[in-house]
Amino acid sequence: MCTLEKRGDLFHLTLTGDDEHRFHPDTITSVLSLLEQAKSQSTKGSVLITTGHGKFFSNGFDLAWAQSAGHGAIERMHQMVKSFKPVLAALLDLPMPTIAALNGHAAASGLMFALSHDYVFMRKDRGVLYMSEVDIGLPVPDYFSALVVAKVGSGIARRELLLSGKKLKGEDAVALGIVDSAAHDSAEGVVEATVSLGESLAAKKWNGEVYASIRRSLYPELCRMLELTVNNLATHNL
Amino acid sequence: MCSLEKRDRLFILKLTGDGEHRLNPTLLDSLRSTINKIRSDPSSSRSVLITTSDGKFFSNGYDLALAESNPSLSVVMDAKLRSLIADLISLPMPTIAAVTGHASAAGCILAMSHDYVLMRRDRGFLYMSELDIELKVPAWFMALIRVKIGSPAARRDVMLTAAKVTAEMGVEMGIVDSAYDSAAETVEAAVRLGEEIVMRGGDGHVYGKMRQTLLREVLVHTIGLDESASSASSGVRNTGSKL
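Residues numbered from 1 in each chain as written. Chains lettered and ligands numbered in written order. Predicted model: local features only at pLDDT ≥ 70, side-chain atom pairs only at ≥ 80, totals over all residues. Heavy atoms only, no water.

K.L.:
Go over the overall build of chain A with me, naming the residues and quoting the values.
P.N.:
Helix and strand counts for chain A come out as eleven helices and ten strands. What you see for chain A is a C-alpha radius of gyration of 17 Å, in line with the 18 Å of a compact globule of 238 residues. Across its three principal directions, the C-alpha atoms of chain A cover 55 × 40 × 35 Å. Considering chain A as a whole, with its 238 residues, one finds that 57% of them fall into the buried category. Surface summary for chain A: the accessible area is close to 10,000 Å², and the carbon and sulfur share equals 53%. (Helix = DSSP H or I, 4+ residues; strand = E, 2+ residues; numbered from the N terminus. Rg over C-alpha atoms; globule rule 2.2 N^0.38 Å. Buried < 20%, exposed > 50% of the residue type's maximum accessible area, 1.4 Å probe, protein only. Areas by Shrake-Rupley, 256 points an atom, 1.4 Å probe, with all protein chains shown as cover.)

See below:
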């Protein structure tokens, strides 16, 4: 399902297997526990790189699992939406820089997972970003929109992402300011580029607590919605 | 510490001397009283403020050595800078920072608190250094950063990579208005811009009120402006700390 590996300063979180890496209560629990692990093992200079195997980074929530409950489908959807919040909170709170290396498609909550990282690298040759909700007729949770507003600056880009139902390729995503890079032609190429960035960030040996506190203060609205405290009591730290 | 020159309708405030212009209590008091002098000048609402500096530094931030020797002074410096920034935000005239040297942390905040930032491209950078020196960033600094830097990626680069932003980078990021080949040219350009603005006319009092509205979120943090108060009628006073 997912693994966490440490190579030097870099933590590698990988969504394993050739499937769609859909978020299901079990995957959510797994990812959360691996992020906890990374947090507890973090030192100065730690960096997280998240990637996946196969065609998909993540294709969103496990809608089939929800639908298989018949009348209980809505209940299951609510459960997933609710239990996914802590995953985004954990990423925003992680005491180290975070980089998403998109090996393939990222849709809906899978895209939110990607966007919760400090840096997002896509492939040039393959993979799209897709907020599918408008096509499926599913409302977008408020904290999803808050994340998009926090990370994507232009009104036009926000519209393209949330309202257009477009499948955005790497080049488009870079042009819209949604991702940082779409320069590499394979999953390996993207991972290599993110490792390179990761190593240069690691070399700074930043204090993870300070890093996380500055990161939270960049997104106060989003943190409020994710129930993360934004405390910047710096006066006695001068 | 700082000097004030008046050229027609331009007030030129300069951080003097070759040092780092660290924002210690004395310099902060000096700056505040100079700003007050400018505010009470009869021509103030038809004038422009230009802030610049001598030497290699615009300002290298708070006096951290002082804070280390006497920790209670960090609270004092923070309070005095908040008041100064609140004063600048409510000043009834456009403000131009002619950045001719390094501006770090609190010094960068001071530069960015001006309406226009003109900077030399050959030397110097804007540098939110806190991540590099393990300092947490006050919430009110972040409020200013969020208002003045529009792009989320640029904010991330400034705050989460402690980027040393040259004038050219600043122009690209939308933090710096324009870049010049030397310190002298930067100041000249600031003077020219100031004169253009003066020629346009307009009521500085209205300008100041509009700026307060635009930078409302910063004022919430600096002078505890009540978030629920309506911005139009709330006549923001300089009720900063009387320290």
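From this point, the discussion proceeds with the structure in view.
K.L.:
Describe in detail the nonpolar core, supporting the description with residues and values.
P.N.:
With 141 residues, the main nonpolar core has Phe61, Phe84, Met112, Phe113 and Leu129 of chain A together with Leu81 of chain B as its most contacted residues. When residues in this core are grouped by element, the largest group, ten residues, is from helix H3 (residues 73–93) of chain A. Excluding its chain neighbours within four sequence positions, the residues that come into contact with Leu129 of chain A are Leu102, Ala106, Leu111, Met122, Lys166, Lys167, Leu168, Ala173, Ile178 and Val179 of chain A. Residues Leu10, Ile12, Val48 and Tyr180 of chain B belong to the second largest nonpolar core, which totals 13 residues. (Core = buried A, V, L, I, M, F, W, Y, C linked by side-chain atoms within 4.5 Å. Contact = heavy atoms within 4.5 Å.)

K.L.:
Could you give an account of the pairing of strand S7 (residues 116–120) of chain B, naming the residues involved and the relevant values?
P.N.:
Residues and elements named next belong to chain B. Among the five residues of S7, four are classified as buried, and the element is accordingly described as predominantly covered. Where strand S5 (residues 95–99) and S7 come together, four bridges link them in parallel fashion. Within S7, the residue paired with Ile96 across the bridge is Tyr116. The pairing of S7 with strand S10 (residues 178–180) spans three bridges and is parallel. (Pairing = 2+ DSSP bridges.)

K.L.:
Hey, could you go over helix H10 (residues 208–218) of chain A for me, with residue numbers and the actual values?
P.N.:
Most of H10 of chain A is tucked away, with ten of its eleven residues classed as buried. Contacts made by the buried residues of H10 of chain A are with H3, strand S5 (98–101), strand S7 (119–123) and helix H11 (220–225) of chain A together with helix H5 (139–148) and helix H6 (152–160) of chain B.

K.L.:
Tell me about the interface of chain A and chain B, and please be specific about residues and values.
P.N.:
Tallying the contact residues gives 24 residues for chain A and 23 residues for chain B. Across the contact surface, chain A and chain B share two salt bridges. Lys44 of chain A is the salt-bridge partner of Glu134 of chain B, the closest N and O atoms lying 2.4 Å from each other. Connecting chain A to chain B are six residue pairs in polar contact (both at pLDDT 80 or more). A class-by-class count of the residues in the side of chain A that touches chain B yields eleven nonpolar, seven polar and six charged. (Salt bridge = Lys/Arg side-chain N within 4 Å of Asp/Glu carboxyl O. Polar contact = N/O pair within 3.5 Å; in protein donor to acceptor, adjacent residues only side chain to side chain. Nonpolar A, V, L, I, M, F, W, Y, C, P; charged D, E, K, R; others polar.)

K.L.:
Go over the side chain of Ser109 of chain A, please, and point to the residues and values.
P.N.:
Residues and elements named next belong to chain A. Its location among the elements puts Ser109 in helix H4 (residues 109–115). Accessibility expressed as a relative area gives 0% for Ser109, which makes it buried. In this structure the side chain of Ser109 is engaged in a polar contact, spanning 3.1 Å, whose partner is the backbone nitrogen of Phe61. Apart from the residues within four sequence positions on either side, Ser109 is in contact with Phe23, Gly60, Phe61, Phe84 and Phe144.

K.L.:
Can you tell me about the pairing of S5 of chain B, naming the residues and giving the values?
P.N.:
Residue and element names in this part refer to chain B. In terms of burial, S5 is largely enclosed, as five of its five residues are buried. Residue alternation in S5 divides its side chains into two sets, Thr95, Ala97 and Val99 and Ile96 and Ala98, and both sets are buried. Strand direction decides the pairing type here: strand S3 (residues 48–53) and S5, joined by three bridges, are parallel. Bridge pairing in S5 places Thr51 opposite Ala97.

K.L.:
Run through the packing of helix H3 (residues 72–90) of chain B against helix H9 (residues 204–214) of chain B, naming residues and quoting values.
P.N.:
Residue and element names in this part refer to chain B. Taken N-terminus to C-terminus, the directions of H3 and H9 make an angle of 125 degrees; their axes are 7 Å apart at the nearest point. In terms of orientation, H3 and H9 fall into the oblique class. Contacts between H3 and H9 involve Leu88, Ile89 and Ser90 from the first element and Gly208, Arg211 and Gln212 from the second. Classifying every residue of the contact of H3 with H9 gives two nonpolar, three polar and one charged. (Axes fitted to C-alpha atoms, helices over the stretch in contact; angles between N-to-C directions. Parallel < 35°, antiparallel > 145°, perpendicular 65-115°, else oblique.)

K.L.:
I'd like a rundown of the pattern of salt bridges, residues and numbers included.
P.N.:
All names here are of chain A. In total, this model carries 25 salt bridges over all chains according to the counting rule given. A salt bridge links Asp93 to Arg216; the nearest nitrogen and oxygen atoms lie 2.6 Å apart. With a gap of 123 residues between them, Asp93 in helix H3 and Arg216 in helix H10 connect regions that are remote in the sequence. Assigned by exposure class, Asp93 and Arg216 land together as buried.

K.L.:
So what's going on with the environment of Lys14 of chain B? Which residues, and what values?
P.N.:
Residue and element names in this part refer to chain B. In this fold, Lys14 is placed in strand S2 (residues 10–15). Considering only alpha carbons, one finds Lys14 and Leu31, 17 residues apart in sequence, at a separation of 9.4 Å. There is a polar contact of 3.4 Å between the side chain of Lys14 and the side chain of Asp54.

K.L.:
Which residues make up the sheet that holds strand S8 (residues 126–127) of chain B, and what values do they have?
P.N.:
Residues and elements named next belong to chain B. Ordered in space as S4-S6-S8-S9, the four strands form an open sheet in which the pairing is mixed. Of all the strands in the sheet, just strand S4 (57–59) and strand S9 (164–165) have a single pairing partner and so form its edges. As paired elements, strand S6 (residues 102–104) and S8 share two bridges and run parallel to each other. From the neighbouring strand, Ala103 faces S8, where its bridge partner is Leu126.

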